[in-house]
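Residues per chain are reported as follows:
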Amino acid sequence: MSQDTIVFSARKIVTMNPSRPSATHVAVREGRIVAVGSFDEIVGASGVRVDDRFKDKVLLPGFVEGHSHIMEGMMWSLPYVGAFDRRSPEGKLVKGLSDIDAIVARLQEAEAAMTDPEAPLFAWGFDPLHIGSVSLTRQDLDRVSTTRPIMVVHASFHISNVNTIVLQRAELDRTTNISGVVMGKDGEPSGEVQGIAARFRVFRVLGTNPLSGNLTADDVNRYAASSCIQGVTTITDLHNDLADLTIEVYRAASRRDDFSVRLVPAMASVSHSPEQGVEKIKALKASNNDKLHYGIVKLVVDGSIQGFTARLRWPGYHNGAPNGLWYIAPEELPSIVAAYHNAGIQLHIHTNGDEATEVALDAIEAAQIAKPLPDHRHTLQHCQMADAAQFKRMKSLGICVNLFSNHVYYWGDSHYDLTMGPERANRLDATGTALRTGVPFAIHSDAPVTPLSPLFTAWCAVNRISSSGRVLGKETEALTVEQALAAITINAAYTLKLDHIVGSIEAGKYADFAVLDEDPLEVTPEKLKDIAIWGTVVGGHVREAPRA
Amino acid sequence: MTAASSVKIPVTVIGGFLGAGKTTYLNHLLRTGSARYAVLVNDFGAVNVDVGLIAQHDGTTMTLTNGCVCCSIGGGFLDTLGRVLDDNIPFDHIIIEASGVGDPWRIAEIALVEPSLRLNAVIVVADASRIADLLVDARVGDTVRDQFDRCNLVLLNKVDLLNRTALDAARTTVAALRPDIQIIETTEHTLPTLPDGEVKATLRFAATAVDNRADHESAFRRWSYQRSGTFDGARLAAALAALPPQLLRLKGPCRIADDASPALLQMVGQDWALTPAPADMTAQDDIMLVGVGTDALPDAGALDAILDGALTPVSQTPPTTTDLNRRQATFIL
Ligand SMILES: [Zn+2]
Ligand SMILES: [Zn+2]
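Residues numbered from 1 in each chain as written. Chains lettered and ligands numbered in written order. Predicted model: local features only at pLDDT ≥ 70, side-chain atom pairs only at ≥ 80, totals over all residues. Heavy atoms only, no water.

**Comments concerning the domain arrangement of chain B**
All names here are of chain B. Its domain assignment divides chain B into domain 1 (9-213) and domain 2 (220-332). Listed as interface residues are nine residues of domain 1 and, on the opposing side, eight residues of domain 2. A salt bridge links Asp133 to Lys251, with the nearest nitrogen and oxygen atoms 2.6 Å apart. Here domain 1 is connected to domain 2 by one residue pair in polar contact (both at pLDDT 80 or more). (Domains from an automatic or database assignment. Contact = heavy atoms within 4.5 Å. Salt bridge = Lys/Arg side-chain N within 4 Å of Asp/Glu carboxyl O. Polar contact = N/O pair within 3.5 Å; in protein donor to acceptor, adjacent residues only side chain to side chain.)

Now the structure itself:
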């Protein structure tokens, strides 16, 4: 072996390559894997240098997060006030907050640290559902400040709460008569605002919108740091207008040697006509480098199930709520799908409800009949309510699916009680059905909607337990640990058409590893999410996760 | 408060389902308007003004020689609108095209809370040749109906494609949704100029979609009629004639005795027709009719009894368990 080859030895290497499932040594040269095997096979008498820093660790292929958003990197510039613990990009365990007093205290702390008295304080992650459905009123936020504008964005990202000074500046009061300004018992606005009109008005008086500001290098670096902490070496940004400025930030970040994640942005179809979109993707693909992979396009067909905006087939929502919203008209979808499909571009189609899934299946079927595209791998994203018949259609049409397993934990109880009812909630995010049908599938977090952590996502798919402890469809839909690991590595890579270069530890692929303290195949399945992650290796560069 | 609030810019929102003619109308306004408009559109490619009219074009904003600008909304509607409001010279009028599946009222509300704006009109453009079908469409019917909820003018467009009977039927259907609304019949050559008015929010309504829909449903009454079995052709004609005038329309698949293939019944006012059901039409029952009437529509029981009289007598097979379950499920959820 040549001089510049390094051999990493480990307690165990779980390769996710079925023809060589485990090993102890991996040789790396020029950022790629030269060979995987035993000491004898790899080192033998060659005298090649062995780096044994991982001798007590377990190496897996770097995890592939097939559906998350750069907003995860943007949000961590703001204080987090959600119900569950999260890990910050600095590696700090940020505790979940279980009541309004705790939220107010964290905001007071953040407020005290601010120097400019006029600057608005934004926070994110407020999750009333998981703290007893309490509301966060303007009076609560006034305890933080009566002079500084404060806005707290809900975990759903669709609703916000503001303090009284914001309402005053926005001239929203008891006479305001629009749907998105919620009134309190006293007849005055409660501080809860939602919808396009209220948002427009509030952001206008605040002078800034933290959710739509220009992307910065810091945001991208935070995203990469969070990836490293979670063992992720390939990550998507699954809905982006890809404005010139964003493209430049991604280009600069991905060219840095120390940039520790491969980025896969998906162009938002809504930001371009299909003709422009096809041209743009072609041009962007030409600028790809080893850590930046343009080429996929995202379509959003409906809303979310827990927000009652997903489109459901009969019998609809369990609690009788009216059907949800189309974001693309069913009759328009086939022409958009065909335009990209005919250009050979892979589509990632958000469909939460089963009626949206049906419309997407119809559109892909029509495109395939008109112009067959072998190995298109169009992927349905979320696809939480699909039944066996829809999975069978996916199989025959060559469609992949990326299921939202974290939903079982975070919204499984709501789905059981309110949105879907017991039968359909039990087959929510039907990984077992996908396996039985032979549909290639991944599982995802949709970070920042739920925390970025593929091991946690795998834990959800294996244990299928809700946050209240209710087990949902475990006998029929749960994965084994091994199957779940495939869904966060090689199979996720497959849905991104990157499985020839990442997703398993085998000769020829990038040397991308997740470095774990324990072997996921040996811990009890209930402990899968608790395995400590030491860091990652990306293209042979070793990166220890930040710890704070 | 602000200097701008003394001169409020009128806002008009144009909604309507895909293909109704929203962009045609915008093109018409851009070409013929004498005032300085800012027009916000969803899809830039669809705007079609003479090249000679374009003074400048930078990808997302097109400036016309008559001073109007046309901005594509793309992903950033709020940013785009913010830039329009911040323009050095205030525009005379802001015209916003809602998405084909969006609710124009949600956008119109901006003009109710932004002090520098006032809401001039919410216009829904409807394709006269399709609107009756769209309103009862299984997938988009609710979306299309919601668009009419709070508009204050309907352009019933493409009327040149229909004969008078069909046109009256389309008109009646829209009027049933909003009896109080002005409907103007248009073709692509007879589009009106912008109305001049002011819309104020009148109804206090809760911030949940659920309540919003409930209040919309109360504007008219629905009746659905589901049976397995067939109608007797002759008795059906008599039964339909016996239905009360408060029933504005009735539509759905059904089966006629001795006829192998399913039929589609469509009735508007007193006129009705049976045509072969489209191949892609699927129904859970042999007969599945949906009717819409005024809020004075008699009880479902009375209406059911009229149509039951037209059913072909069947050898008394009791309903199967699945039939029963399905019926119960219809009412529980
Ligand atoms: Zn999504
Ligand atoms: Zn997403």
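**Things to note about the coordination of the zinc ion (ligand 1)**
Residue and element names in this part refer to chain A. Within the protein, the zinc ion (ligand 1) binds to His350 (ND1) and His382 (NE2); these donor distances fall in the range 2.1 to 2.2 Å. In this model, the zinc ion (ligand 1) sits 3.3 Å from the zinc ion (ligand 2). Linking His350 in strand S17 (residues 346-351) with His382 in strand S18 (residues 379-382), this pair joins segments that are 32 residues apart in sequence. In this structure His382 comes out as buried when scored by relative accessible area, which is 2%. (Donors = N, O, S within 2.8 Å, 3.2 Å for Na, K, Ca; no water. Helix = DSSP H or I, 4+ residues; strand = E, 2+ residues; numbered from the N terminus. Buried < 20%, exposed > 50% of the residue type's maximum accessible area, 1.4 Å probe, protein only.)

**Brief notes about the coordination of the zinc ion (ligand 2)**
Protein-derived coordination of the zinc ion (ligand 2) comes from His67 of chain A (NE2), His69 of chain A (NE2) and Asp446 of chain A (OD), at a distance range of 2.0 to 2.1 Å. Expressed as a motif, the donor residue spacing for the zinc ion (ligand 2) is H-x1-H-x376-D.

**Remarks on the sheet that holds strand S10 (residues 221-227) of chain B**
Where strands meet in a sheet, backbone hydrogen bonds hold them as pairs that are either parallel or antiparallel. All names here are of chain B. One open sheet holds the five strands; their spatial order is S10-S14-S11-S12-S13, and the pairing between them is antiparallel. The open sheet has two free edges, formed respectively by S10 and strand S13 (271-276), since each of these has just one partner strand. Pairs of neighbouring strands in the sheet enclose a mean axial angle of 10 degrees, with direction left out of account. Where strand S12 (residues 263-268) and S13 come together, six bridges link them in antiparallel fashion. Counted as the bridge partner of Ala263 is Pro276 from S13. (Pairing = 2+ DSSP bridges. Axes fitted to C-alpha atoms, helices over the stretch in contact; angles between N-to-C directions.)

**Notes on the nonpolar core**
Grouped together as the largest cluster of nonpolar side chains are 163 residues, with contacts concentrated most on Leu380 and Met394 of chain A together with Ile94, Phe148 and Leu156 of chain B. Excluding residues within four positions of it along the chain, Met394 of chain A makes contact with Leu361, Leu380, Cys383, Ala386, Ile399, Val401 and Val439 of chain A. Core analysis: the second largest hydrophobic core is formed by 24 residues, Cys70, Ala121, Val125 and Leu191 of chain B among them. (Core = buried A, V, L, I, M, F, W, Y, C linked by side-chain atoms within 4.5 Å.)

**Description of the interface of chain A and chain B**
Of the residues lining the interface, 44 residues belong to chain A; the matching set on chain B comes to 42 residues. Interface of chain A and chain B: buried area, both sides summed, is about 3500 Å²; carbon and sulfur atoms make up 57% of it. Contact with chain B buries area across many residues of chain A, yet Asn177, Ser179 and Phe200 of chain A alone supply 20% of it, more than any other trio. Across the pair Asp362 of chain A and Arg139 of chain B runs a salt bridge, and its minimum N-O distance is 3.5 Å. The interface formed by chain A and chain B holds 11 residue pairs in polar contact (both at pLDDT 80 or more) in total. Within the residue set of the side of chain A that touches chain B, elements represented by two or more residues are strand S12 (181-183), helix H6 (195-206) and helix H11 (354-370) of chain A. The element that contributes the greatest number of residues to the side of chain A that touches chain B is H6 of chain A, accounting for six residues. The class makeup of the residues in the side of chain A that touches chain B is 19 nonpolar, 13 polar and 12 charged. (Buried area = accessible area lost by both parts, 1.4 Å probe. Nonpolar A, V, L, I, M, F, W, Y, C, P; charged D, E, K, R; others polar.)

**Comments concerning the domain arrangement of chain A**
Residue and element names in this part refer to chain A. By domain assignment, chain A separates into domain 1 (79-206) and domain 2 (217-541). Listed by partner, the interface residues are 11 residues for domain 1 and 14 residues for domain 2. Around 1000 Å² of area is buried between domain 1 and domain 2 when both sides are counted, 66% of it from carbon and sulfur atoms. When the buried surface of domain 1 facing domain 2 is broken down by residue, Phe84, Arg86 and Pro89 rank first, second and third, together holding 47% of it. The interface formed by domain 1 and domain 2 includes zero salt bridges. Here domain 1 is connected to domain 2 by two residue pairs in polar contact (both at pLDDT 80 or more). Residue composition of the side of domain 1 that touches domain 2, grouped by class: five nonpolar, three polar and three charged.

**Examining the pattern of salt bridges**
Considering all chains together, one arrives at 49 salt bridges over all chains under this definition. For Asp387 of chain A, the salt bridge identified is with Arg313 of chain A, shortest N-O distance 2.9 Å. Of this pair, Asp387 of chain A sits in the loop between S18 and helix H12 (388-397) while Arg313 of chain A is found in the loop between strand S16 (296-300) and helix H10 (333-342), placing the two residues 74 residues apart along the sequence. Accessibility assignment for this pair places Asp387 of chain A and Arg313 of chain A in one class, buried. Residue Arg227 of chain B is joined to Asp308 of chain B by a salt bridge in which the shortest nitrogen-to-oxygen separation is 3.0 Å. Here Arg227 of chain B, found in strand S10, pairs with Asp308 of chain B, found in helix H9 (residues 300-308); they are 81 residues apart in sequence, far enough to count as distant. Overall, the relative accessible area of 23% leaves Arg227 of chain B in the partly exposed class. One continuous salt-bridge network, built from bridges that share partners, spans Arg313, Asp354, Glu358, Asp362, Glu365, Asp387 and Arg393 of chain A together with Arg139 of chain B.

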